[in-house]
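The lines below spell out each chain.
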Amino acid sequence: MGDFGSDSEDSDGEGGLGNVSRVIIRPPGHSGKAKRGHLCFDAAFETGNLGRVDLVGEFEYDLFLRPDTCNPRYRFWFNFTVDNVKQDQRVIFNIVNINKNRNLFKDGMTPLVKSSSRPKWQRIPRCEVFYYKSAVHQNHYVLSFAFGFDKEDEVYQFALTFPYSYSKLQAYLNALESKFPESFERTTLGMTVQNRKLELITFDDVKKPDKVDQKNVIHMVVVFARIHPGESPASYVVQGLIEYLAAANQPISKALRENVVFKIIPMLNPDGVFLGNNRCNVIGHDLNRSWNKMSQYTHPTLAAAMKMLKEYDNSSCYQVDFVIDIHAHSSLTGTFIYGSTYDNVYRYERHLVFPKLFASKCEDFCQEHMMFNADDRKSGTARRFFVEALSDNVNTYTLEVSMCGYYLNDTNVLTQYTEDGYMRIGRNLARTFLEYYRFSNILPIPPVDELRPRKGRPRTHRPRARSRTRSEVRLRPKTVRTYAPISYTDLSICYDTDTSNEGSPIRYMYSNYGGFRMRAIGPPDQYSLSNIQTARFSNLDFSSDYRFKVTPKPKTAPEHKMPPIEMLTVPPKPCLTIIDFNQLTRGGLEEATSGRKFDREKEKVRRHTFKSSSRKA
């Protein structure tokens, strides 16, 4: 390879704010043509960010990130390439000027890498990545990672997270427009400072009524993302939402398009994305702190979005229900929502419904990171500004997705996000809209489970024929076991409990023995002391002998009348008997109870519920 440029000291350009462009790092004392192994760094491409490279050892390089244009405070996003490598060359890269000390590198996040022959992004193994305070760099936090180049003639690219450029968005929308030409409408909402398009995607298959009133207003959802250029996962979330809504044959998508209007701004800061900034636009303004002081000249994208929202919010035909600003968080894991608090209790309760539904749809949702506040310091954010700028019907949220990953089911295992994982969040967002509008009776459709086509049994299936012969039930073998005598006097039984009055009332039914007997319907708690007192049994004698003296049945049965309450017997005192449950099978109950102290005849006698009044008289 030829000489691609001079040393890194001469490559900063534009007062130190430019990216390195095909810069070869030569070892000290070497001059002339670059050799294989003299690494060539490049970040002069869309979304690229690398400002300076220093060789500090034989295999070690210090990398300096380029700050945002016109704002040196923000230095976190990086995206650069390395080529002219040697086979099996081992290096150490130190990113030394990250401005955010508290970030996900402490929790296991690692940079991404891909190469020419392996275009799929991969995480660098965690064992090769270190985030620490460096005494050599004035106790600043340094991100160091070791890497081995395994192939020559390869171009290796390193990035903070999955890049999503302005050109990629244009190519994606062009392909989607050719595939689903009738599903959505693509318009240009405005132009940026550097004359780039502010794209607006509209899904609107709602049948317009002849006369619009308060009962049949058209509901609208507004979603925008990428107000911070370095938060590229937000673009993948929006892409997943757009793909889901654009699917023509998807019943959920069709139902949403026919009942709700969706306005999506996929990239609210195209200039910052193109330049590779971390947080600001081309003039160094943080747009998500500028909603309350927007200007047509310095913040044209905000002014265009606000104008659209005001028009629909003041319209008598439309009702804006949601404004959702999608971000990517660099310090927290999982997916979560930021909301607002309101003095109106009913509005605040309605504001909590959507996050609750969204949490039920996402397995990576983290409730611990969810926050609802009215912080004056965030008055310039979309979430806080729209609370006052729009009507009370609008619910404004900030949807945050982690740049790293999530902990599944309260485990300690960190699951890293992929591009498809971020797009899955967008699809879950669409499903949450379906649930919300179904519960609010705006979508007259069945639940989600009923929308899915049910697969019937194949025609070859035949139910198994039942056998007509019943298997004989065999008795379990008897076991040799003696019964332990337990006296009820040794038990501490408390009758006056809180549940003593539970159970069904006492019913009087005709007995086969020529009289009435007492029968309990329900659990045996009716035999407690409180129920007995309620039945006016308190005057009866609770003797220690619960064997009743019952006279024989008379030859001529007297006329059956309801006996006086005093003639009813008292339930026996509690007595525990240990029975071998192995013998409690068919025909085995008599053997199991043969060792008790009363025979069967006395058991029948015990079931009599009254004493003959005539004998007693």
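Procedures and definitions
Residues numbered from 1 in each chain as written. Predicted model: local features only at pLDDT ≥ 70, side-chain atom pairs only at ≥ 80, totals over all residues. Heavy atoms only, no water. UniProt positions renumbered as here; feature names shortened; annotations may be inferred. 1 Å grid on protein atoms, 1.4 Å probe; cavity = no way out; pocket = protein on both sides within 12 Å on 5 of 7 lines; lining within 4 Å. Points joined across faces, edges and corners; volume = space filled by probe spheres on them. Helix = DSSP H or I, 4+ residues; strand = E, 2+ residues; numbered from the N terminus. Nonpolar A, V, L, I, M, F, W, Y, C, P; charged D, E, K, R; others polar. Salt bridge = Lys/Arg side-chain N within 4 Å of Asp/Glu carboxyl O. Buried < 20%, exposed > 50% of the residue type's maximum accessible area, 1.4 Å probe, protein only. Disulfide = S-S within 2.5 Å. Pairing = 2+ DSSP bridges. Axes fitted to C-alpha atoms, helices over the stretch in contact; angles between N-to-C directions.

Identification of the chain as Peptidase M14 domain-containing protein from Aedes aegypti is taken from an unreviewed UniProt entry. You can read under Cofactor (unreviewed entry) in the UniProt record for the chain the words "Zn(2+)".

Summed over the entire model, instances satisfying the criterion amount to two cavities of 30 Å³ or more. Space inside the largest cavity adds up to approximately 70 Å³. Secondary structure elements with two or more residues in the lining of the largest cavity: α4 (270-275) and α5 (300-313). Partitioned by chemical class, the residues of the lining of the largest cavity number six nonpolar, six polar and one charged.

Applying the stated rule across the entire model yields 16 salt bridges. Notably, a salt bridge pairs Arg-22 with Asp-83, separated by 3.2 Å at the nearest N-O pair. In this pair, Arg-22 sits in the segment before β1 (23-24) while Asp-83 sits in strand β5 (residues 79-83), placing the two residues 61 residues apart along the sequence. Residues Arg-186 and Glu-199 are paired through a salt bridge, measuring 3.1 Å at the closest nitrogen-oxygen approach. Of this pair, Arg-186 sits in strand β12 (residues 185-191) while Glu-199 sits in strand β13 (residues 197-203); the two residues are 13 residues apart in sequence, bridging distant segments of the chain. Considered together, Arg-186 and Glu-199 belong to a single accessibility category, that of buried residues.

Turning next to the layout of surface pockets. In this structure, the second largest pocket occupies an estimated 710 Å³ of space. Lining the second largest pocket are 27 residues, with Lys-100, Arg-279, Arg-289, His-329 and Glu-400 sitting closest to its centre. Within the residue set of the lining of the second largest pocket, elements represented by two or more residues are β16 (318-329) and β19 (395-402). Here the lining of the second largest pocket takes three residues from β16, the largest share from any one element. The class makeup of the residues in the lining of the second largest pocket is seven nonpolar, 10 polar and 10 charged.

Going through the model one piece at a time under the given rule, you end up with zero disulfides. Of the cysteine sulfurs around Cys-280, a residue in no disulfide, the closest is that of Cys-70, at 9.1 Å.

This part is about the sheet that holds β13. Pairing within the open sheet is mixed, and its eight strands lie in the order β12-β13-β15-β14-β16-β19-β17-β18. Looking along the sheet, the strands with just one partner apiece sit at the ends: β12 and β18 (371-373). Across the sheet, the axes of successive neighbouring strands diverge by a mean angle of 20 degrees, strand direction being ignored. Pairing between strand β14 (residues 218-225) and strand β15 (residues 260-265): six bridges, direction parallel. Its bridge partner lying in β15, Val-222 is registered against Lys-263.

Turning to the pairing of strand β10 (residues 140-149), a few remarks are in order. Taken across its 10 residues, β10 has seven buried, putting it largely inside the fold. Looking at chain direction, strand β6 (residues 89-95) and β10 are connected through seven bridges and run antiparallel. Paired with Val-91 across the strands is Phe-147, a residue of β10. The hairpin formed by strand β9 (residues 129-134) and β10 contains five residues between the paired strands, and Gln-138 there has a positive phi angle of roughly 60 degrees.

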